[in-house]
Amino acid sequence: RGLKVIIAGAGGAAHLPGMVAALTPLPVVGVPVKGRILDGVDSLHSIVQMPRGVPVATVAINNADNAALLAVRIIGASCPTYLEAMAQYMTDMRVGVEKKIERLETTGWKEY
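From a predicted model like this one, the values you see are computed outputs, not experimental measurements. (Residues numbered from 1 in each chain as written. Predicted model: local features only at pLDDT ≥ 70, side-chain atom pairs only at ≥ 80, totals over all residues. Heavy atoms only, no water.)

Draft legend 1. Structural context of the overall build of the chain. Within the chain one finds four helices and three strands. Computed over the C-alpha atoms, the radius of gyration of the chain is 18 Å, more than 25% above the 13 Å expected from 2.2 N^0.38 for a compact globule of 112 residues. Each principal axis of the C-alpha distribution contributes one length, and for the chain these read about 55 × 40 × 25 Å. Across the 112 residues that make up the chain, the buried fraction comes to 22%. Once local pairs closer than 6 in sequence are excluded, the contacts in the chain between residues at least 24 apart make up 45%. For the chain, the exposed surface amounts to about 8000 Å²; the carbon and sulfur share of it is 59%. For the chain, the distance from the average position of its 11 positive side-chain charges to the average position of its 9 negative side-chain charges is 8 Å. (Helix = DSSP H or I, 4+ residues; strand = E, 2+ residues; numbered from the N terminus. Rg over C-alpha atoms; globule rule 2.2 N^0.38 Å. Buried < 20%, exposed > 50% of the residue type's maximum accessible area, 1.4 Å probe, protein only. Contact = heavy atoms within 4.5 Å. Areas by Shrake-Rupley, 256 points an atom, 1.4 Å probe, with all protein chains shown as cover. Lys, Arg positive; Asp, Glu negative; His and termini not counted. Charge placed at Lys NZ, Arg CZ, Asp CG, Glu CD.)

The following block contains the structure:
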């Protein structure tokens, strides 16, 4: 189907990213989902404690944005279009932070 990276959420079925990684040679990125009881820490541990030979990349709890950005970087290693898009995204983020710094310096922290 042309898949290059799989992003799998881990919440109620916290084993999903690990099971997917055990069944495919593709890179798998696990996203721990915040639950009602342990705030997603159980899901996080489920992903990062995979046995040797079954790697699963992991991002912070409820951070699907970083999972997507990591997938873009993985694909970008072999696709210049994605690499260029990631570089532009990073530039845009830097410019945005610089604008926030400038606003903070001119308006002060209380008004910011």
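Back to the text.
Draft legend 2. Representation of a nonpolar patch on the surface within the structure. A cluster of nonpolar side chains, Ile37, Leu38 and Val41, forms an exposed patch at the surface whose accessible area comes to about 300 Å². Take valine 41: it is sitting in helix α2 (residues 41–48). (Patch = residues over 30% accessible without salt bridge, like charges linked within 9 Å, V, L, I, M, F, W, Y side chains within 5 Å. Salt bridge = Lys/Arg side-chain N within 4 Å of Asp/Glu carboxyl O.)

Draft legend 3. Molecular detail of the packing of helix α3 (residues 64–76) against helix α4 (residues 80–107). With their axes 7 Å apart at the nearest point, α3 and α4 run at an angle of 135 degrees to one another. As judged from the angle between their axes, α3 and α4 are oblique. In the crossing of α3 with α4, the sense of the turn from one axis to the other is left-handed. Mapping the contact onto sequence places Leu69, Val72, Arg73, Ile75 and Gly76 in α3 and Tyr82, Leu83, Met86, Tyr89 and Met90 in α4. (Axes fitted to C-alpha atoms, helices over the stretch in contact; angles between N-to-C directions. Parallel < 35°, antiparallel > 145°, perpendicular 65-115°, else oblique. Left-handed = near helix turned anticlockwise from the far one by under 90°.)

Draft legend 4. Molecular detail of the sheet that holds strand β2 (residues 28–32). Spatially, β1-β2-β3 is the arrangement adopted by the three strands of the open sheet, whose pairing is parallel. Of all strands in the sheet, those bounded by a partner on one side alone are β1 (6–10) and β3 (57–58). Packed on one face of the sheet, helix α1 (residues 16–23) meets β1 and β2 and runs near 145 degrees to β1. (Pairing = 2+ DSSP bridges.)

Draft legend 5. Just the pattern of salt bridges, in detail. Enumeration according to the criterion identifies one salt bridge in this entry. The closest approach of N and O atoms between glutamate 98 and arginine 94, which form a salt bridge, is 3.3 Å. Of this pair, glutamate 98 and arginine 94 are both found in helix α4, four residues apart, which corresponds to roughly one turn of the helix. Judged by its relative accessible area of 42%, glutamate 98 falls in the partly exposed class.

Draft legend 6. Spotlight on the pairing of β1. Sheet analysis places β1 next to β2, joined by five bridges and oriented parallel. Counted as the bridge partner of glycine 9 is valine 31 from β2. Read from β1 through α1 to β2, the crossover connection turns out right-handed. (Right-handed = clockwise from strand over helix to strand, strands pointing away.)

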